[in-house]
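Fold and contact review
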Amino acid sequence: MPTKELPERSEIVIIGGGIIGVTLAHELAKRGEEVTVIEKRFVGSGSTFRCGTGIRQQFNDEANVQVMKRSVELWKHYSEEYGFSFEQTGYLFLLYDDDEVEEFKRNIAIQNRFGVPTRLITPEEAKEIVPLLDISEVIAASWNPTDGKVDPFYSTAAFALNAERFGAKLVEYTEVKDFIIENGEIKGLKTNRGVIKTGIVVNATNAWAKLINAMAGIKTPIPIEPYKHQAVITQPIRKGAIKPMVISFKYGHAYLTQTSHGGVVGGVGYELGPTYDLNPTYEFMREVSYYFTRIIPALRELLILRTWAGYYAKTPDSNPAIGKIEELNDYYIAAGFSGHGFMMAPAVAEMVADLITKGRTSLPVEWYDPYRFERGELRGQALQMG
Ligand SMILES: Cc1cc2nc3c(=O)[nH]c(=O)nc-3n(C[C@H](O)[C@H](O)[C@H](O)COP(=O)(O)OP(=O)(O)OC[C@H]3O[C@@H](n4cnc5c(N)ncnc54)[C@H](O)[C@@H]3O)c2cc1C
């Protein structure tokens, strides 16, 4: 059921009501802009409600560290203002050999330079943080106590409600089907529920971004492909047993933590695609069970309640494409988050709102330049989990 009438016109239209579209609508509306989000299903129904809740600043390049530092400030601010939970329970990367330790020392130096307080700690210190860990093969760990986790449901709802409070319109069950373009200028969008007139469009559809770019007639190559990534949740265990997000690249690129309900949630690097299929697979169950129990042997005793799948919208360097597409007047993209878009959303909203309202931003948005693919200037591979 359509929840709201499609407005006849809107200054700015955001296609996609995931965390990116909703936080951007919130930011623009707060700045007094007239903005409408068009979402083909319901808000959060894409990757957003399928994600692993993790928020981290432990990246391996200056841009992502700076952007995530700002994002964490904003998560903290809005979680307090709007009353959803942001637990700063840290991210713990388990390291098993000298090469890994050297790589993380380099990453930590970059993070420290921008005020992110990551430290290299001993296996024993790691075990103090998560007593259930098997540290027999661990030689060190990278630990940042200011990383954390946010509930995707409450936070997305909070941004959506407050975007509406500032005057944004969120139109659900409405699918964008085509662009109306005259002389290289956007005049409106055709949807399955009629036409909306607009001059400024933001493509915030992540896994579907290439379809929207094709509708807009964009020729610039912006390679974003949907990959199936799966997650698991176990029966609840004692609260506080696994506080941080625990990562092990050695054991299947696994990430795991405990939800506020007590279940253990996480995934591994097992990737299928490119595909729009979302059926969970038996192979994933087997891999995740094998790797999780290598990291925390006590998990052997636990029942798996459910597995599910969602999309990583991946680019060749695992960094999103964020910016203005010059070949079509007032067309922007913020998509291709490669498995870490939830955590970036508040800072991305700030960057894109700055670009639309001021034409520039103080955050290092150039790193995510949508034209880097065409120019053959791929960034260093962003540190991707799962
Ligand atoms: C298993 C898993 C674990 C993850 N873990 C983490 C994590 O721990 N931390 C983290 O930061 N990220 C994580 N991610 C990634 C995160 O989920 C995404 O990066 C993030 O949700 C992307 O948000 P988005 O708004 O760009 O996309 P989406 O939430 O996918 O929103 C895009 C929206 O566009 C809509 N849409 C598409 N086409 C149209 C159209 N034609 N018309 C109208 N609407 C349209 C879709 O319905 C969808 O709702 C994980 C992902 C998965 C799958």
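Residues numbered from 1 in each chain as written. Predicted model: local features only at pLDDT ≥ 70, side-chain atom pairs only at ≥ 80, totals over all residues. Heavy atoms only, no water.

Under an unreviewed UniProt entry, the name given to the protein chain is Sarcosine oxidase, beta subunit, and the organism recorded is Thermococcus onnurineus.

Take the sheet that holds strand β9 (residues 169–171) next. With respect to topology, 6 strands assemble into an open sheet ordered β9-β2-β1-β13-β21-β20, the strand pairing being mixed. Strand pairing shows two members of the sheet lacking a second neighbour, β9 and β20 (321–325), which therefore form its edges. The mean angle between the axes of side-by-side strands here comes to 15°, regardless of whether they run parallel or antiparallel. One ladder, built from 3 bridges, connects strand β13 (residues 200–203) with strand β21 (residues 331–335); its direction is parallel. Bridge pairing links Asn203 to Ile333 in β21. (Pairing = 2+ DSSP bridges. Helix = DSSP H or I, 4+ residues; strand = E, 2+ residues; numbered from the N terminus. Axes fitted to C-alpha atoms, helices over the stretch in contact; angles between N-to-C directions.)

Attention now moves to the UniProt feature "domain: FAD dependent oxidoreductase" (unreviewed entry) in the protein chain. Under the local residue numbering, the UniProt record ascribes the feature "domain: FAD dependent oxidoreductase" (unreviewed entry) to residues 12–355. Helix makes up 31% of residues 12–355 and strand 29%. Its end C-alpha atoms lie 13 Å apart. (UniProt positions renumbered as here; feature names shortened; annotations may be inferred.)

A word on the domain arrangement of the protein chain. Taken as a whole, the protein chain is organised into domain 1 (1–87 + 148–223 + 317–385) and domain 2 (88–147 + 225–314). Here domain 1 and domain 2 have C-alpha centroids that lie 27 Å from each other. Listed by partner, the interface residues are 35 residues for domain 1 and 41 residues for domain 2. Between domain 1 and domain 2 the total buried area reaches about 3,200 Å² when both faces are included, carbon and sulfur atoms providing 56% of it. Applying the counting rule to domain 1 against domain 2 returns 2 salt bridges. Linking Lys210 and Glu225 is a salt bridge whose minimum nitrogen-to-oxygen distance equals 2.7 Å. Put simply, domain 1 and domain 2 have 19 residue pairs in polar contact (both at pLDDT 80 or more) between them. Broken down by secondary-structure element, the contributors of at least two residues to the side of domain 1 that touches domain 2 are β3 (54–55), α2 (62–82), β4 (86–87), β8 (148–150) and α6 (209–215). No other element matches α2, which puts 6 residues into the side of domain 1 that touches domain 2. Here the residues of the side of domain 1 that touches domain 2 are counted per class, giving 13 nonpolar, 13 polar and 9 charged. (Domains from an automatic or database assignment. Contact = heavy atoms within 4.5 Å. Buried area = accessible area lost by both parts, 1.4 Å probe. Salt bridge = Lys/Arg side-chain N within 4 Å of Asp/Glu carboxyl O. Polar contact = N/O pair within 3.5 Å; in protein donor to acceptor, adjacent residues only side chain to side chain. Nonpolar A, V, L, I, M, F, W, Y, C, P; charged D, E, K, R; others polar.)

What follows is about the nonpolar core. Ranked by internal contacts, the top residues of the largest apolar core, which has 69 residues, are Ile14, Ile55, Trp75, Phe93, Ile322 and Val348. Among the elements that make up this core, the one with the highest residue count is helix α8 (residues 341–358) (12 residues). Each of domain 1 (1–87 + 148–223 + 317–385) and domain 2 (88–147 + 225–314) accounts for three or more of the residues forming this core. Listed in part, the 30 residues of the second largest apolar core include Ala141, Tyr251, Leu256 and Phe292. (Core = buried A, V, L, I, M, F, W, Y, C linked by side-chain atoms within 4.5 Å. Buried < 20%, exposed > 50% of the residue type's maximum accessible area, 1.4 Å probe, protein only.)

It is worth spelling out the site of the ligand at this point. The immediate surroundings of the ligand are formed by 37 residues, with Glu39, Ser47, Thr48, Gly52 and Met343 found nearest. Counting only elements with at least two residues in the shell around the ligand, the list comes to α1 (19–30), β19 (304–314) and α8. Inspection of the shell around the ligand shows a minimum of three residues originating in each of domain 1 (1–87 + 148–223 + 317–385) and domain 2 (88–147 + 225–314). (Near = heavy atom within 4 Å.)

Let us look at the pairing of β13. Burial of the side chains of β13 extends over both faces: Ile200 and Val202 are buried on one face and Val201 and Asn203 on the other. Inspection of the sheet shows strand β1 (residues 12–15) paired to β13 by 4 bridges, in the parallel sense. Opposite Ile14, over in β13, you have Val202 as the bridge partner.

Turning our eyes to something else, we now look at the packing of α2 against α8. Two elements in contact, α2 and α8, have axes separated by 8 Å at closest approach and are oriented at 95°. Taken together, the axes of α2 and α8 lie roughly perpendicular to each other. Contact residues: α2 offers Asn64, Val67, Met68, Arg70, Ser71, Leu74 and Trp75, while α8 offers Phe342, Met343, Met344, Ala345, Pro346, Ala347, Glu350 and Met351. Within the contact of α2 with α8, the residues separate by chemical class into 11 nonpolar, 2 polar and 2 charged. (Parallel < 35°, antiparallel > 145°, perpendicular 65-115°, else oblique.)

A cluster of nonpolar residues, Tyr282, Met285 and Ile304, forms a patch on the protein surface that exposes about 280 Å² of accessible area. Topologically, Met285 is positioned in helix α7 (residues 282–295). (Patch = residues over 30% accessible without salt bridge, like charges linked within 9 Å, V, L, I, M, F, W, Y side chains within 5 Å. Areas by Shrake-Rupley, 256 points an atom, 1.4 Å probe, with all protein chains shown as cover.)

It is worth spelling out the packing of aromatic side chains at this point. Taken as a whole and assessed by the stated rule, the structure comprises 18 aromatic pairs. Judged by centre distance (5.6 Å) and plane angle (85°), the rings of Tyr276 and Tyr311 are edge-to-face. Here the residue Tyr276 occupies a position in the loop between β18 (271–272) and α7, and Tyr311 occupies one in strand β19, the gap between them amounting to 35 residues. Three or more aromatic residues link up through ring pairs in this structure, and these residues are Trp75, Tyr78, Tyr82, Phe84, Phe159 and Phe342. One residue, Arg165, lies across the ring of Phe166, its end atom 4.6 Å from the ring centre. The ring centre of Tyr227 lies 5.1 Å from the NZ or CZ of Lys314, which sits over that ring. (Phe/Tyr/Trp six-rings, centres within 6.5 Å; stacked < 30°, edge-to-face > 60°. Lys NZ or Arg CZ within 6 Å of the ring centre and 35° of its normal.)

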